Amino acid sequence: MTWKQNGIRHDTKNNRVRLSKGANHKEHPRAWEYILVEYETRPGVEVENLQQVRAVYDQAKERWELHLVCKDEIETPDAPGNETAGIDLGISNFAAVAYSTEDADLYPGNRLKQDGYYFPKEIAKCDDSGGDRATRLHHKWSERRTHFFHSLAKHIVERCVEKGVGRINVGDLAGVRENENGESKNWGKHGNLDLHGWAFDGFTSILEYKAKVAGIEVVEVSERDTSKTCCVCGKEDDSQRVERGLYVCEECDAAFNADVNGAENIRLDINDESNSESAPSLGGDRSTGWLAQPGVYLHDLSRGFQPRTEVVDCKP
Ligand SMILES: [Zn+2]
């Protein structure tokens, strides 16, 4: 149930909201009947520009909650710089990010995957009489996913600010959901990860918001051929091999991380014809080592994203 502005009286001095009852809930349709709500906020938090009030039932906590929706206008800061970053979203790595500074970050999405195995198994164990438990598990799973998306978006935006990025290119979601023939990608093998199109949609809108607050624009660009084109020489070939996460280019005689290759192509926006300057050209003299060795970030519940460090066994 949602109250719009004309059903809400907000008393900001006394921290009260008066909600009018719908005509069908009143003795007489024109009677003055209200629900009076008093709220408390954390110190330093003020409720203003109230737009909507929503009554939401929290299954896990078994109680009704009122959500106050406020409009908060923020001033968008200047962009941290003029560089462009590219993000490739996918299954084996949730996100790969390529920067113009010739380095790349990889987010395998370890926690999403662990949850993707754990929760369905636990939910399957619930019998019919345990329906509540199944509901709670679904709820917890989705909360954890949302939390992951928020921390991932935050981490990527922080990296972009460090690197003077003013624009983030993200592969358009049609490419994530469908292959070149317009068929949906085969989710069968990874279906239990529950990483369908809506998960990418959800992540992209969180990223857009967090980037905007930092003055960075997020642009969806075409993902067509970004996984089968070599980002160094521009060779596009169906026979280019992608094996165990490696993109192998015969022209360059090199192997790159396949998702970083995709992210770099998205960064360069290879499908934008007007943008020939940045398109990869044959015989480029760019260094390629970074394409094979991205920084890998794993998510840890207490510490957030941490670079994966090689464990060196130093026995005497
Ligand atoms: Zn190549």
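Preceding this paragraph is the structure being described.
**Student:** Describe the overall build of the chain, with residues and values.
**Tutor:** Looking only at helices and strands, the chain has 6 helices and 16 strands in total. The buried share among the 316 residues of the chain stands at 41%. Total accessible area on the chain stands at roughly 19100 Å², and carbon and sulfur atoms take up 46% of it.

**Student:** I'd like to hear about helix α1 (residues 110-125), residue by residue, with values.
**Tutor:** The end-to-end C-alpha separation of α1 is 23 Å, in line with the 22 Å expected for 16 residues at 1.5 Å each. What α1 keeps buried is the set Asn110, Arg111, Leu112, Asp115, Gly116, Phe119, Glu122 and Ile123.

**Student:** Explain the coordination of the zinc ion to me, using residue names and the numbers behind them.
**Tutor:** The protein atoms donating to the zinc ion are Cys230 (SG), Cys233 (SG), Cys249 (SG) and Cys252 (SG), with metal-donor distances spanning 2.2 to 2.3 Å. Because the angles between the 4 donor atoms bound to the zinc ion fall within 105 to 113°, the donor set is best described as tetrahedral.

**Student:** I'd like to hear about the nonpolar core, residue by residue, with values.
**Tutor:** Phe94, Leu152, Ile156, Ile168, Phe203 and Leu207 are the most contacted members of the largest nonpolar core, which totals 30 residues. For this core, the secondary-structure elements that each account for two or more residues are β7 (83-89), β8 (95-99), α2 (131-162), β10 (165-171) and α4 (197-213). Here this core gets 7 residues from one element, more than from any other, and that element is α2. Filtering out sequence-adjacent residues up to four positions away, Ile168 remains in contact with Ala85, Ile87, Cys160, Ala211, Ile216, Glu217, Val218 and Val219. Grouped together as the second largest cluster of nonpolar side chains are 18 residues, Ala96, Ala98, Tyr247 and Val260 included.

**Student:** Give me a nonpolar patch on the surface: which residues, what numbers.
**Tutor:** Residues Ile74, Tyr209 and Val213 make up a contiguous nonpolar surface patch of roughly 300 Å² in combined accessible area. Mapped onto the elements of the fold, Tyr209 is located in helix α4.

**Student:** Outline the sheet that holds strand β6 (residues 63-70), listing residues and values.
**Tutor:** Pairing is antiparallel across the open sheet formed by 3 strands, whose spatial order is β1-β5-β6. At either end of the open sheet lies a strand with only one pairing partner, and these are β1 (2-3) and β6. Looking at chain direction, β1 and strand β5 (residues 50-58) are connected through 2 bridges and run antiparallel. Residue pairing across strands places Trp3 opposite Val53, the latter belonging to β5.

**Student:** Give a description of helix α5 (residues 258-268) that names residues and reports values.
**Tutor:** Counting buried residues in α5 gives 11 out of 11 residues, a clear majority hidden from the surface. Taken together, the buried positions of α5 are occupied by Ala258, Asp259, Val260, Asn261, Gly262, Ala263, Glu264, Asn265, Ile266, Arg267 and Leu268. By the N-cap criterion, in which a side-chain oxygen at the helix start approaches the backbone nitrogen of a residue two or three places on, α5 is capped by Asn257, the distance to Asp259 being 2.9 Å. Phi turns positive, to about 50°, at Asp269, one or two residues after α5.

**Student:** Run through the pairing of β10, naming residues and quoting values.
**Tutor:** With 6 of its 7 residues buried, β10 lies for the most part within the structure. Alignment of β7 against β10, held across 5 bridges, turns out to be parallel. In the sheet register, Ile87 faces β10, and the bridge partner there is Val170. Two strands pair when backbone bridges link them, and β10 and strand β11 (residues 217-221) are joined in this way by 5 bridges, in the parallel orientation. Bridging from a neighbouring strand, Gly171 pairs with Val221 of β11.

**Student:** So, the packing of aromatic side chains: which residues are in play, and what are the values?
**Tutor:** For the structure on display, the rule yields 12 aromatic pairs. With centroids separated by 5.8 Å and ring planes inclined at 5°, the aromatic side chains of Phe119 and Trp141 adopt a geometry described as stacked. Linking Phe119 in helix α1 with Trp141 in helix α2, this pair joins segments that are 22 residues apart in sequence. Assessed through its relative accessible area of 1%, Phe119 is described here as buried. Joined through ring pairs, the aromatic side chains of Phe94, Tyr107, Phe148, Phe149, Phe203, Tyr297 and Phe305 make up one cluster. Residue placement shows Arg18 over the ring face of Tyr34; its charged tip is 3.9 Å from the ring centre. One residue, Lys163, lies across the ring of Tyr99, its end atom 5.1 Å from the ring centre.

**Student:** Now, about unusual backbone geometry: what can you tell me, with residues and values included?
**Tutor:** Look at Asn15: it is not a glycine, yet its phi comes out positive at around 50°. Position of Asn15 among the secondary structure elements: in the loop between β2 (8-11) and β3 (16-20). One non-glycine residue, Asp253, lies in the positive phi region at around 55°. In this structure, Asp253 sits in the loop between β13 (246-249) and β14 (254-257). In this structure Asp253 comes out as exposed when scored by relative accessible area, which is 70%.

**Student:** An account of the pattern of salt bridges is needed here, citing residue identities and associated values.
**Tutor:** This structure, assessed with the given rule, holds 17 salt bridges. Between Arg159 and Asp105 there is a salt bridge; the shortest N-O distance is 2.7 Å. Here Arg159 is found in helix α2, whereas its partner Asp105 is found in strand β9 (residues 103-107), with 54 residues between them in sequence. Measuring nitrogen to oxygen at the nearest pair gives 3.8 Å for the salt bridge that ties Arg224 to Asp225. Several salt bridges share partner residues, and in doing so they unite Asp105, Arg159 and Glu162 into one network.

About the thresholds
Residues numbered from 1 in each chain as written. Predicted model: local features only at pLDDT ≥ 70, side-chain atom pairs only at ≥ 80, totals over all residues. Heavy atoms only, no water. Helix = DSSP H or I, 4+ residues; strand = E, 2+ residues; numbered from the N terminus. Buried < 20%, exposed > 50% of the residue type's maximum accessible area, 1.4 Å probe, protein only. Areas by Shrake-Rupley, 256 points an atom, 1.4 Å probe, with all protein chains shown as cover. Expected span 1.5 Å × (residues − 1). Donors = N, O, S within 2.8 Å, 3.2 Å for Na, K, Ca; no water. Tetrahedral: all angles 85-135°; square planar, octahedral: opposite > 155°, others 65-115°. Core = buried A, V, L, I, M, F, W, Y, C linked by side-chain atoms within 4.5 Å. Contact = heavy atoms within 4.5 Å. Patch = residues over 30% accessible without salt bridge, like charges linked within 9 Å, V, L, I, M, F, W, Y side chains within 5 Å. Salt bridge = Lys/Arg side-chain N within 4 Å of Asp/Glu carboxyl O. Pairing = 2+ DSSP bridges. Polar contact = N/O pair within 3.5 Å; in protein donor to acceptor, adjacent residues only side chain to side chain. Phe/Tyr/Trp six-rings, centres within 6.5 Å; stacked < 30°, edge-to-face > 60°. Lys NZ or Arg CZ within 6 Å of the ring centre and 35° of its normal.

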